[in-house]
Every structure is written in structure tokens, then in C-alpha cells.
Amino acid sequence: PHTPHHQMKNRWIGALLTLPIAALASEAAYRIAEPSAHSYPSGNCLVLALGAPSRADGTASALQRFRVEAAVDTLRQRRCRGLLLSGGAVRNERIEAVTMANLAKTLGVPADQLVIEPTARNTWQNVGCLHSRLLKVERVFVVSDSLHAQRAVRYACRQDARLCGRVVNAGVVPPIDQLWWSLPAAAWQGAAFLRDRLQFERNASANGP
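Read on for a plain summary of the structure. (Residues numbered from 1 in each chain as written. Predicted model: local features only at pLDDT ≥ 70, side-chain atom pairs only at ≥ 80, totals over all residues. Heavy atoms only, no water.)

### A word on the pattern of salt bridges
Quick note on the threshold: In what follows, salt bridge is the name for a side-chain nitrogen of Lys or Arg lying within 4 Å of a carboxyl oxygen of Asp or Glu. Exposed residues in this analysis have more than 50% of their type's maximum accessible area, buried residues have under 20%, and partly exposed residues fall in between, with area computed by a 1.4 Å probe over protein chains only.
Counting across every chain of the model gives 6 salt bridges. Where D196 meets R195, a salt bridge forms, and the shortest distance between an N and an O atom there is 2.9 Å. When its relative accessible area of 26% is taken as the criterion, R195 is described as partly exposed. Connected via shared salt-bridge partners are E27, R31 and E34.

Here is the structure:
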């Protein structure tokens, strides 16, 4: 019979063998979800950066930095009018959108180009603020990792069919050195996709994520 020591060793070996497979699967999922936003014209647009938790001291987390840097790149490449940062105080008392706006300023985005939405508590609410703003622009580029941005675009379309085609996935594939958060994030996006299909979209209901 296997001793507890051997059982623990086997579990570690199993985990080490599973990790590369999970990493490859998540990388493939991110790349499949990677958008073709470059096919859309630049100009009369807005960039939406989806919120992520700040650190307890109010400084930007690695996930926030990833999203804001990608959003600022999109803002400049697409020559959009402004950057909308959406996210409330979800995990701690720090308002996500405020932390992300401060980071965007350090990256050279003028304050008059920043729009803060400080109340959203999830992705569904992140895109819920777009309805009135689309009256002023032709298109909104949604920025996060590619899987998350894809889900946000799907939510926007479910909330209002008029947003379909005007809210665009501009998500980014996370770099390999961010595997420590991108791997669990990919698993979460997969779980959210299944939950949405089984719980909310089966009856074509838009009353939930």
C-alpha cells in the first residue's frame, strides 16, 4: 500500500503534469477569443476598461495595470475621444475606477479624457453604463483580457440589441509571465460562460449576467 508520503508525492507529480496542459489550454482559449478590432475604423469612439480590484492600500494591482496599459494603448491607436474606467469598491473600500484613472494619468492620459464610473460591481454592470454614452460615439472598444472582453461584449448585446456591432472586443492575450492570474482567470471565464448558457440564456433572459 502507498504511504501518505508516496500519496503526497503522486499528487505533486499529477499537479506538475497538469499545469502545462492547463496553461496551453488557457493560451489557446485567449487566442481564439482574441478580437479583430483592427478592422474597425478609428476616430469617433470610446474605450471601456473593465474594473479589477485594487490593492488594500489603494495602489494598482497587477491585473489593473494590465487592463489600463492595454486600454491606453487602444485609446491612442484608435484615436478615441476618451477612456471610460468602470468599477466600484467591490473587494475592499478602494474604488477600482479611481485607482485605474490615477494609473492612466501616470501613463500620460489627460484628465479631460478620463471618465470614471464608480458603482459597477460586476461585468454586467460595467457594460450597463454604455447605453447613454453610445449616443455620443459610434463605437466602444472594450478592454480586458480577450476572454473577459468577449463576455462583456456578449452582455452588452444581450442588454440592448442596438449595442451589437457597436460594442467591440478589444481584449488582449495576457503575456506568459502573467500566468499566475491569467490561468485562473481563463478557468473563471469558462465557468461564467457555462453558467450564463445554462442559467440565464436558456430562456433568452437578459435579467442577469
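### Focus on the environment of S54
For clarity, the threshold we go by: A run of H or I in DSSP becomes a helix once it reaches four residues, and a run of E becomes a strand once it reaches two; helices and strands are each numbered from the N terminus. Any pair of residues with heavy atoms lying within 4.5 Å of one another is described as a contacting pair. Here a polar contact means two N or O atoms within 3.5 Å. Within protein one must be a hydrogen donor candidate and the other an acceptor candidate, and residues neighboring in sequence count only if both atoms are side-chain atoms.
In this fold, S54 is placed in the loop between β1 (45-50) and α2 (62-78). When the C-alpha positions of S54 and A89 are compared, they lie 8.6 Å apart, and in sequence the two are 35 residues distant. Filtering out sequence-adjacent residues up to four positions away, S54 remains in contact with T59, Q64, N92, R94, I95, E96 and T99. A distance of 3.0 Å separates a polar atom in the side chain of S54 from a polar atom in the side chain of Q64.

### A short note on the packing of aromatic side chains
Using the following cut-off: Only Phe, Tyr and Trp rings are paired, with Trp represented by its six-membered ring, and only when their centres lie within 6.5 Å; those with planes under 30 degrees apart are stacked, over 60 edge-to-face, the remainder tilted.
A full pass over the atoms with the stated rule returns 2 aromatic pairs. Aromatic pair W124 and Y155: ring centres 5.3 Å apart, planes at 65°, arrangement edge-to-face. Residue W124 is found in helix α4 (residues 123-128), and its partner Y155 is found in helix α6 (residues 146-159); the two are separated by 31 residues along the sequence. By relative accessible area, Y155 is classed as buried at 0%.

### Observations concerning the packing of α6 against helix α7 (residues 179-200)
Inclusion rule: Fitting a line to C-alpha atoms yields each axis, with helices limited to the stretch in contact; the angle taken between N-to-C directions then spans 0 to 180 degrees. Working definition: roughly parallel below 35 degrees, roughly antiparallel above 145 degrees, roughly perpendicular at 65 to 115 degrees, and oblique for all remaining angles. What makes a crossing left-handed is the near helix being turned counterclockwise from the far one by less than a right angle; a clockwise turn instead makes it right-handed. Gly is placed with the polar residues, together with every amino acid not listed as nonpolar (Ala, Val, Leu, Ile, Met, Phe, Trp, Tyr, Cys and Pro) or charged (Asp, Glu, Lys and Arg).
Close contact between α6 and α7 brings their axes to 9 Å; oriented N to C, the two are set at 20°. Taken together, the axes of α6 and α7 lie roughly parallel to each other. The two elements α6 and α7 meet at a crossing, and its hand is left-handed. On α7, the residues that touch L147, H148, R151, R154, Y155 and R158 of α6 are A186, W188, Q189, A192, F193, R195, D196 and F200. By residue class, the composition of the contact of α6 with α7 is 7 nonpolar, 2 polar and 5 charged.

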